[in-house]
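Reading the structure
Next come the chains, spelled out residue by residue.
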Amino acid sequence: MIASCLCYLLLPAARLFRALSARLFRALSDVFFTCQKNAFLAKSLSPQVEGNFAMAPRGPDQEECEGLLEQWQEEGSNQVLSAVSEGPLVDKGLAQSSLALLMDNPGENDAASEDKWSSRQLSDLRAAENLEEPFPEVIGEEPLPESEGPVWAAVPMQTGPQYADSAVLPVGALAAEQWEEDPAVLAWSIAPEPMAQEEAPIWPFESLGQLQPPTMEIPYHEILWREWEDFSAQPDTQGLEAGDGPQFQFTLMSYNILAQDLMQQSSELYLHCHPDILNWNYRFANLLQEFQHWDPDILCLQEVQEDHYWEQLEPSLRMMGFTCFYKRRTGCKTDGCAVCYKPTRFRLLCASPVEYFRPGLELLNRDNVGLVLLLQPLVPECLGQVSVAPLCVANTHVLYNPRRGDIKLAQMAILLAEVDKVARLSDGSHCPIILCGDLNSVPDSPLYNFIRDRELQYHGMPAWKVSGQEDFSHQLYQRKLQVPLWPSSLGITDCCQYVTSYHPKRSERRKYSRDFLLRFRFCDIACQRPVGLVLMEGVTDTNPERPAGWAKSALGEDTSEPEPEPVFPRTEGTIQHCLHLTSVYTHFLPQHGRPEVTTMPLGLGMTVDYIFFSAESCENENRTDRRVYQDGTLKLLGRLSLLSEEILWAANGLPNPFCSSDHLCLLASFGMEITPL
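First things first, this report covers the structure right here in the doc. (Residues numbered from 1 in each chain as written. Predicted model: local features only at pLDDT ≥ 70, side-chain atom pairs only at ≥ 80, totals over all residues. Heavy atoms only, no water.)

Okay, the sheet that holds strand β17 (residues 581–583) next. One open sheet holds the 6 strands; their spatial order is β10-β11-β13-β14-β20-β17, and the pairing between them is mixed. One side of each edge strand has no neighbouring strand; the edge strands of this open sheet are β10 (346–355) and β17. Sheet twist, expressed as the mean angle between neighbouring strand axes with direction ignored, is 20 degrees. Note that strand β14 (residues 433–438) and strand β20 (residues 609–614) share 5 bridges and pair antiparallel. Within β20, the residue paired with Asp 438 across the bridge is Asp 609. (Pairing = 2+ DSSP bridges. Helix = DSSP H or I, 4+ residues; strand = E, 2+ residues; numbered from the N terminus. Axes fitted to C-alpha atoms, helices over the stretch in contact; angles between N-to-C directions.)

Two quantities define a packed helix pair, namely the angle between the axes and the distance from one axis to the other. The N-to-C vectors of helix α12 (residues 405–423) and helix α13 (residues 446–453) enclose an angle of 20 degrees; their axes lie 11 Å apart at closest approach. When the axes of α12 and α13 are compared, the pair comes out roughly parallel. Where α12 crosses over α13, the handedness of that crossing is right-handed. Of the residues in α13, those touching α12 at Lys 408, Leu 409, Met 412 and Leu 416 are Leu 447, Phe 450 and Ile 451. (Parallel < 35°, antiparallel > 145°, perpendicular 65-115°, else oblique. Left-handed = near helix turned anticlockwise from the far one by under 90°. Contact = heavy atoms within 4.5 Å.)

Here we take up helix α10 (residues 280–294). For an α-helix the count is 3.6 residues per turn, leaving residues at separations of three or four pointing the same way. Under the 1.5 Å per step criterion, the end-to-end length of α10 is 21 Å for 15 residues, consistent within 8% with the ideal 21 Å. For α10, the full list of buried residues reads Trp 280, Arg 283, Phe 284, Asn 286, Leu 287, Leu 288, Glu 290 and Phe 291. Elements in contact with the buried residues of α10: β6 (247–256), α9 (260–265), β7 (298–305) and α11 (306–319). The opening residue of α10, the one whose side-chain oxygen lies 2.9 Å from the backbone nitrogen of Asn 281, is Asn 279. Just downstream of α10, Asp 295 is the residue with a positive phi angle, here 50 degrees. (Expected span 1.5 Å × (residues − 1). Buried < 20%, exposed > 50% of the residue type's maximum accessible area, 1.4 Å probe, protein only. Polar contact = N/O pair within 3.5 Å; in protein donor to acceptor, adjacent residues only side chain to side chain.)

What follows is the structure in structure tokens.
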């Protein structure tokens, strides 16, 4: 230990001796002049004199204050000399002097910097923050006797050129061994050589101002604490408890995990983050920790980079017991969507990837995708002969461009048509559905209302208004939605159904007997000579003669059928869908009086991520009521609460050291009815 210290002190001594000698001379002169001035100010009746700051007494006891200053003047040089003997620790030695401990700057300490200080230094610094307590003892000296006189206070002074070398050192900067000026606090020390700042500002967005840290030091995990809201025992709108009867319970998570390629392409959005927390290895470990902590049965991910998925995510999730399906975006994009489920809880019935790109259609020339799975819940054998309806899970990431709401509506129509096809049962109804993902639309926007209310009148609507992400009403030219929204060649009706699904197929083929077919032998159509029939002697040169009593119509009046409906009916400026969906979240935090937030682009909090599930929506006049739906086959049992914009600001936005994506994860628990056979 002693040898290590000697090596540390003696090796750099030769190179630092010349610089330290000049710096020591300036330090001693500045400290001596400052103490003389401070003693003069202690005797002065007026606190305002020339200089940066001064120390002035609060009460009439001037002699005791003057004695303290004289004692520091006599012992301060010894303290500085002892610090010089420690080589490169001269600045730290000055920081440990008694006057450096008189600084008052609460709110800038952080937990990371406290690790650099010993327990005794921490106690001295914390004691110095409260000016009503006695002065802390000087390191290496006997403690000063407690004084019953007035306490010293900081008095701002006018700036003078002769004190240009005097600098202010905040407590937070002292703990982090950085030197910054802050006119709100007081300290006397020597201004060091200017140092280049490597880290970016806390929040370098010009239009939003600088992010201020919280007034009290709060750990990240306490700031970002999210509560689990349990609805299992809460009665629904009909007064029935959600937990009555046997249920198949499962949890589902939807999470936009921020593809590394997309983050690097838009690096200007993440200037507020330290580079270390943006490293993929750091982020990947954090994401896996979230998956393991919440342990969902179904995991729906967006912005999953393809190479990261096959090399790291899929093997890791497979080891955690998941079976994964992945769909990369079309074109040259490197990310996509993934849906993972636990085979111990579900059995796959079908998987249907959805591509929104359609060659030749300007409306659908983007590379976004979706993924639809039909899963069969696995019920324990101990329950006997029971059945559970299959579950349809849809995951998507809709186009971001806030100006192209027409593309977003067309993409959503394709997804709803695929869900309608996969979830449709033989009787024409639908099995329980969960639709989740990043829809790039805010609550109560036309796109959101279309999913929830099943209808949207879009004719003449500005395209930017569909998602509600930004307001472009000030622009002179605004793209407006025209009728029809998408061409008939897309093969999707205005009810968001495939054309083949619009006319359901017959359950059975008709079977015709020989006698039935012979009835058409001499019907009117059979007795008519076809146009362009080639004349062949003995074959086509005679007309068939209808036997007496043979009916002209083989089927009679019973065969009259109404004219078939149009193959592709269109409505005027309205689109619809037949799925009953409502949101898991209410998008409002009643305990905080603030809206919920799932992401913070450029420091502005908004909700763009959703989990919709099969339930009948109902009116909710009181926004504090958490139930805004009527339970059906699929019941909401709980959800993980979201956060407000203010809370995320206190955590320095997204991503941060604990949340490694620019989105928050969504988590909900559901229950499905189990019916006996």
